[in-house]
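# Fold and contact review
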Amino acid sequence: MSDVPPQSYQAHRRIHPLYHLVTVPILSINVIVTIVLAVRNFSWLALWNVFVASALILLAVIVRVYATRNQDRVIRAEESARMWRVLPPELRPRIAELTASQMVALRFAPDEELAELTSAVLSGEVRGRTGIKQRIRNWREDRQRV
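Before going into details, it helps to say that this report is about the structure given with it. This one's a predicted model, so the numbers in the text were calculated from it and none came from an experiment. (Residues numbered from 1 in each chain as written. Predicted model: local features only at pLDDT ≥ 70, side-chain atom pairs only at ≥ 80, totals over all residues. Heavy atoms only, no water.)

## Focus on a nonpolar patch on the surface
- Residues Leu45, Trp48, Phe51, Val52, Leu56, Leu59 and Val63 make up a contiguous nonpolar surface patch of about 700 Å² in total accessible area.
- Note that tryptophan 48 resides in helix α2 (residues 44-86).
- Overall, the relative accessible area of 53% leaves tryptophan 48 in the exposed class. (Patch = residues over 30% accessible without salt bridge, like charges linked within 9 Å, V, L, I, M, F, W, Y side chains within 5 Å. Areas by Shrake-Rupley, 256 points an atom, 1.4 Å probe, with all protein chains shown as cover. Salt bridge = Lys/Arg side-chain N within 4 Å of Asp/Glu carboxyl O. Helix = DSSP H or I, 4+ residues; strand = E, 2+ residues; numbered from the N terminus. Buried < 20%, exposed > 50% of the residue type's maximum accessible area, 1.4 Å probe, protein only.)

Given below as structure tokens:
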């Protein structure tokens, strides 16, 4: 058996150690250090270093956002195909009404729960990613997201 615990609403968020525990802390500390140095020993070069340090942390955040948005697009395509296959005929034309955020959350719903949950989302009974994920009874794992 695997040492990885099963995913659930309570335990589905992923920490990427190299990004969350190494890169972001180092870049954050770098911004603080360059600001302190610029205040203590002002020079145009010190000020430039603050800008560069800030740009590096912004770059790290932007790269993460781009990767996540790209994954959202892939998930939307995959889930659209799955929904077309699994949902009853009366719900299929409404797949396009689902937002990318709703699709991303619905990916955790197993085929047996998908029609009921999709109907609840489309009727406005369930709102937001959190609400959708909390309604899922039998979690369908997705460990590929970074």
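## Digging into the packing of aromatic side chains
- The full count for this structure, using the stated rule, is 2 aromatic pairs.
- Note on phenylalanine 108 and tryptophan 139: the rings are 4.5 Å apart at their centroids and 25 degrees apart in plane angle, and the pair reads as stacked. Of this pair, phenylalanine 108 sits in the loop between α3 (100-106) and α4 (111-122) while tryptophan 139 sits in the segment after α5 (128-135), and the two are 31 residues apart along the sequence.
- Given a relative accessible area of 1%, phenylalanine 108 falls into the buried group.
- A residue is classified by how much of its surface remains accessible, and tryptophan 139, at 17% relative accessible area, is buried.
- Geometry around tyrosine 19 places arginine 64 over its ring, the cationic atom sitting 5.6 Å from the centre. (Phe/Tyr/Trp six-rings, centres within 6.5 Å; stacked < 30°, edge-to-face > 60°. Lys NZ or Arg CZ within 6 Å of the ring centre and 35° of its normal.)

## Quick look at the pattern of salt bridges
- Applying the stated criterion across every chain yields a total of 8 salt bridges.
- Arginine 82 is the salt-bridge partner of aspartate 111, the closest N and O atoms lying 2.7 Å from each other. Residue aspartate 111 is located in helix α4, and its partner arginine 82 is located in helix α2; the two are separated by 29 residues in the primary sequence.
- Residue classification places arginine 82 among the buried residues on the basis of a relative accessible area of 4%.

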